[in-house]
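Topology and contacts: notes
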Amino acid sequence: VSRTGDDAPLATRLLRRLVRAYPPVFRRTFGADLVGLHRSERDRIRRERGRGAALRFDTRTVAAALAGVVVEWTHVVVGLGTLQRVRPGEGYSQDVRLATRALRATPGYAASVVLTLSIGIGAASLLHAERDSYATEAPDLPERERVVLLGERVAGCPSCLAGLPPSTLAAVRRRAPGLESVSAYEEFEPVLRADDGPDLMDAVRVDPDFFQALGAQALAGRLFDERDATPGADPVAILAERAWRVRFGDDPGIIGRTIVVDRVARTVVGVVRGGHVYPGDAELWVPLSLGGPPMAAGANVDAPRRSVLARLAAGTTPDAAGALIEGIGSALDADAAVADDEGNALWLVTLPDLQRLRGADSASVFAWSVALVLVIACVNLGGLLTARLAATRRAFAVRRALGASRARIVRQMLTETLLLSGLGGVGAVGVAVVGRRALDLGALAAPTLRTFGFALALGVLSGLAIALVPSIRAARSVGDEELRDLSRSGSDDGTGSGRRLLVVAEIALSTALLCASGALARSFLNVYAVHAGFETGGLLAVRMWSAPAPAATVASRDPSHRLDELVLAVERVPGVVRAGAALGLPFGHGAPVGDYEVVGREPLSADARPRARLQGVSPGYFGALGVPMLAGRGFDDRDGADAPRVAIVNRALAGIAFDAENPIGRSLQIDGEDWEIVGVSRTLFQGDVERPAEPVVYRPLRQWGWTRPSTWVVLRLLGDPATVADGVRVAVRGHDPDVALTRLATMDDLRAGDMAGERRALRLTVTFTAAAVLITFVGLYGVMSHAVARRTREFGVRLALGAPGARVLGLVLGQGMAVAALGGAFGIALALLLLSAMRTSLYQVTPYDPVVLTSAVAGVFLVALVAATAPARRAVRVDPLVAIRDT
Amino acid sequence: MSLVLFLILAVLRERAADSATLLAELRRRAPSEAPSIPALYRHVRRGLDEGWLDVVDAEHSEGPGRPSRLYELTAAGRDALRARAGELATFSSLALEGSDEGALGVTADGGDR
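The residue count restarts for each chain, going from 1 along the sequence in the order it is written. Key to labels: chains lettered from A, ligands numbered from 1, both in the order written. In keeping with the predicted nature of the model, local features appear solely for residues at pLDDT of at least 70, side-chain atom pairs appear and are counted solely at 80 or more, and the whole-chain, interface and lining totals rest on all residues. The side-chain quantities take in all heavy atoms of the structure and omit both hydrogens and water.

Turning our attention to the overall build of chain A. Secondary structure elements are defined from DSSP: runs of H or I of at least 4 residues count as helices, runs of E of at least 2 residues count as strands, and each element is numbered from the N terminus. Looking only at helices and strands, chain A has 28 helices and 25 strands in total. Considering only contacts in chain A between residues 6 or more positions apart, those separated by 24 or more positions represent 80%. Exposure was quantified through the Shrake-Rupley algorithm and a 1.4 Å probe, taking into account, for residues, occlusion by the shown protein chains and nothing else. When the accessible surface of chain A is totalled, it reaches about 39500 Å², and 58% of it is carbon and sulfur. The contact definition used throughout considers only heavy atoms, calling two residues in contact when any of these lie within 4.5 Å.

In C-alpha cells form, the structure reads like this:
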C-alpha cells in the first residue's frame, strides 16, 4: 500500500493500517485497490451527501475491514473457506490414486519425507514412552497428593532426597502438627528361603503407621499396627500383591502362612493391593523395630538415616507444610546438639511432585536431543514440501486453467501429504522399536499402543500443519504470463533461497548436536582413561547376600570363619586361581565411609577428623586383584580375630595422613580401637572421577567381624567366566542354603556398569546426532539437486562456451560449502551455549574444547561435501545441446 | 455461491469491469445486497480462487484516478453463473408454486403484486 501522505483522512489512515494486517497474498493483490476505492468513494459521498454520510461510510468500511482481517486469516490458516466447499467423500479415491501415482513418480522425494518423518517422530515416540513409564510408575493411591516425603536436599541433584537422622526425625514428629503418621522406612534386601533355592527380595522395614501415611489398603488380611512393633511380638510380614501372585502362586492360604526371610520365620498377615505399593518395586514389608540396624554394629559409619513418609493433615497444603519443615530445619541448624553436619536443608515434597522431578531429571538429555532432532526434521520437511510445491506449481496452474477448483487441488496435495505422513508414522513405529533395543532403554520405554497412536497422530498432524498453508498458496490461480514463466524450467519462484535458509538452520542445529555428542564422547573417554589401578581382565566378581546368622551361631562361631570357608569353597572351583572377599569393590560398589585419627597426634574433635573409606577384606583380596603392596605386607593367617589389630592403607591415605613419613608401624584409631598399619597398597580407582585418589583403610574381615549381609568375592580366573560361574553357583549353594548370589559379573562389566549413566547419555546423544546429520544430509542434497536442476541451462551454456568441467564442479561444490560454512558458524555459536549448559555433565572437557568444535565443523563439512558431490557431478555431465533444447 | 458473487458474475457477463464499476453496479442492481468495500474484495478473491474471474488488466485506468485491476468472467465462471441462475430460478418457481400471484406476494417476473 503506497503512502498517500499525512493529509489523508483518519479513516483512510486507519484502513491503510488494517490492510497491513491482512494475509500477504490478499494485501498484495487487493490492498492498494481497496484503499484507493475507499478514498474515491468517500470523496464522492461527502461531495454528494455531506460530511455525516461520509462519516457513516467510513465507520462501516473500517468495521468491515476489521472483520475482513479475521476472515481472511481464517481462510489462509485453517483453510475453512476453501475446504468447506468440497463435498465430503467426493473423489477421495481419485485423490488417493493421483497422490500414489505422483509419489511413485518421485521416489526420491517420497523416501526423503518418509525417512525424515520416521526419524523425527520415532525419536519423539521414544521420549513419549520414556515419560509415560515414569507417569505409570507412580502408585495409584487414594488422595496421593496428600502423601509427602521428607528428607534433606542433595546438592546438584534436584530430585534426590537424603534420609533423616533419628534426631531430626524426632524433631519433625514433635514440631510438625500439619503432618499425620510421620513414618520412617528403610529399604533392604533379605534372602527368602524359597522352594527352588534362596532368592533375594526387595523389602522395606517400616514404622507401624507407614501404610496409614500412604493411604494404602490391604487386598487380604490386615496392615501393621502398634502391637507388631512392640518388643517380643511375633515376627510378621506383609506381601505386595505382585509377590503374592508371582512368588507364592496366588496361594489362597497365604494369610497365616509362615515364610523364612533372612533366617527368621515370619507370619504373613496381609497382602497390599498392587496399585498401593510403595516404594514401587517393594515385595515385602516388615516392622522396623524388629528389622535391626542396617549396618554392622560397631562399624564407624554415618548414623543410620532413614527415609521418611507422612500424610498431610486435612486442610494443610504442601506449601504450608513445606514452610513448616524448612522452619524446623533452620531451628535444628541453630541447635548445635543436633546440627546437621553437611548443612543440607530439610525438604518436603509430595509423592507426585517427586515422581515428576525424577522423570524430568532422567529424561532431560534425552529431551533436548529429541527436541533438536524434531526441529531439524520439521525444518527439513518444510524445505522438502516447499520444493515439491514449487515443482508441482506448473501442473497445478494447468489444472486450474482447465477448470479444477482450488479446493480440489488443495485436497489432492493434502492427500499426498497424509499418505506420506501415514507412512512416516508407520516408519516411526519401526524406529521406536529398533531404537528402544539399540539404545537399551529396557522396561522403562516399552512401546505401547498409546505410543504407536502418538507416533501416527504426530505424523499426520505435523504433515498437515506443514503442508496446509503452502498447499493453499500453491493452488492459487495464476495468470497466463505466470503460467508461461512457470513453463520455463530456469525460473526461480523464490523457493531456492528460502530452502537454502532452512538448510542453514538445519546445519546449525546439526553442528550443535555434533558438538554435544563429541563433548560427551570425549568426557566418556576421559573417565574411561582413568586407570583402575589393577588389571580388570580375567577377574570375576560375585556378590553374595547372606541372611544374617542366628544369634546362637554368632555367639558360638566367628562369622568370618564362615566367610573363609565360603571363599575356600569358591577357590576350589576349577578355573579359579585365587579368591578374596571384600565388603566393597571399586567402580561404585564401595565400602562404608568413616573417620579415623592418627594415634600419637593431638586428638581431634569429631567434626575435624579426616574421613576415609573403611574397607574390610580377606587375606586373598589383594592377591586376587593382582595388586602388590608398595610397602610392608598384605594380610595373612597371622591376622586372626584374636591377633593384634592390623590395617593396610592406600597411597592416597598415606600421603594425606603421613606426608613424607613412613606409615608402616604407625597406628590409626578407628571405632575406638588402634589398628597398626602393616602395609601400603596402590590407590585403586573407586569409580568417582571427581575423587580419583580416595583414601582407603583396609582391615581384615576376621578382625572386624562379618556381619554385613552383602559381601563381594573376587576371583582371578584362568578359564572361561561362563563355565566358572556355574561352578561358583553350585559351590555356594552347597555351602550355605541361605546365601543368595545377587550379582555375578566380570570386573570389566562392573566397570562398564559403573559408567552406565554416561554410556546411556552418550549413546542417546550419538544416535540422535546421527539421525540429525542424516536428515541434514537429505536436506542439503535436496537443495543442491534443486539448484543444479534450476541452473541446467546455465551450466549447458557454460560448458558449450568451453568452461572446463572442473570449474562447473567447483561452482556447485562452492555453493554447497558456502551454505555449510554459514550453518557451521551459527552452529558453533549455538554449541557454545549448549555445552555451557552441559558443563556439569562433562569431565575434563570445556565448552571451548578445540578438538570437539573442530571435529564437529569438519564432520559437517564432510557431510556437506558428500551431499553436494552427486549434484555437482550431474552438473558437469550436462549435455549442452540437450540442456539448451529442453529449457 | 453467495448472492453477491452471483451478482458480480452477472455484471461481468456483460463486460469486463474494475472494482469501482462492480461496486456501482451492485448498488444499482441490488441496493440491499451491496457489500462494503472490504467485503467486495473478499467476494472477488473468492471468485478468483474458484477460477470464475480473471484479471484482464492489472493497471486499468479510465480517468484521472489511480489505476485498478480489470476483471472479466472466465468460461468456468460463465458455467457457474448459468448453473446458479438455474438453481435460483428453480427455487423461485418452487416457492411460487400453487399460486397465480405467488405465495410470497410477488409475481413470477419479480414485480410487486
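The next point concerns the interface of chain A and chain B. If you look at the interface, chain A gives 28 residues, while chain B gives 24 residues. Definition used for salt bridges: Asp or Glu carboxyl oxygen within 4 Å of a side-chain nitrogen of Lys or Arg. We note a salt bridge from Glu41(A) to Arg27(B), for which the minimum N-O separation is 2.4 Å. Those elements that provide at least two residues to the side of chain A that touches chain B are α2 (24–49) and α3 (51–77) of chain A. Take the side of chain A that touches chain B: its biggest share by element is 12 residues, from α2(A). Tallied by class, the residues present in the side of chain A that touches chain B amount to 10 nonpolar, nine polar and nine charged. Here the nonpolar group is Ala, Val, Leu, Ile, Met, Phe, Trp, Tyr, Cys and Pro; Asp, Glu, Lys and Arg are the charged ones; every other residue, Gly included, is treated as polar.

Bringing the sheet that holds strand β2 (residues 53–60) of chain B into the picture now. Residue and element names in this part refer to chain B. What makes two strands pair is DSSP finding at least two bridges between them. An order of β1-β3-β2 is seen for the three strands of this open sheet, with the pairing classed as antiparallel. The sheet is open, and its two edges are formed by β1 (17–18) and β2, each paired on a single side. Note that β1 and strand β3 (residues 68–73) share two bridges and pair antiparallel. Across the sheet, Asp18 pairs through a bridge with Leu70, a residue of β3.

We now examine the pairing of strand β22 (residues 673–681) of chain A. Residues and elements named next belong to chain A. Pairing between strand β19 (residues 629–632) and β22: three bridges, direction antiparallel. Across the sheet, residue Gly632 finds its bridge partner in β22, namely Gly679. Two elements, strand β20 (residues 646–650) and β22, share five bridges in a ladder whose sense is parallel. In the strand pairing of β22, Ala647 is matched with Ile677. Pairing analysis gives four bridges linking strand β21 (residues 667–670) to β22, with the strands arranged antiparallel. Its bridge partner lying in β22, Ser667 is registered against Glu676. Hairpin connection from β21 to β22: two residues lie between these consecutive antiparallel strands, with Asp671 at a positive phi of about 55°.

Glancing now at the pattern of salt bridges. As enumerated under the stated definition, the model contains 39 salt bridges over all chains in all. Several salt bridges share partner residues, and in doing so they unite Glu41(A), Arg44(A), Glu48(A) and Arg27(B) into one network.

Let's shift gears to the confidence of the model for chain A. Residues and elements named next belong to chain A. Values of pLDDT, the confidence the predictor places in each residue, fall between 0 and 100. Looking at chain A, the pLDDT average stands at 77 and 77% of residues meet or exceed 70. Here helix α4 (residues 80–83) stands out as the least confident element of chain A, with mean pLDDT 42; strand β8 (residues 236–240) is the most confident, with 93. Here residues 1–5 is modelled with pLDDT under 50, and outside its nearest four sequence neighbours on either side it reaches 11 contacts, counting other chains as well. Throughout residues 336–342 the model reports pLDDT below 50, and contacts reaching past four residues in sequence, or to other chains, amount to eight contacts.

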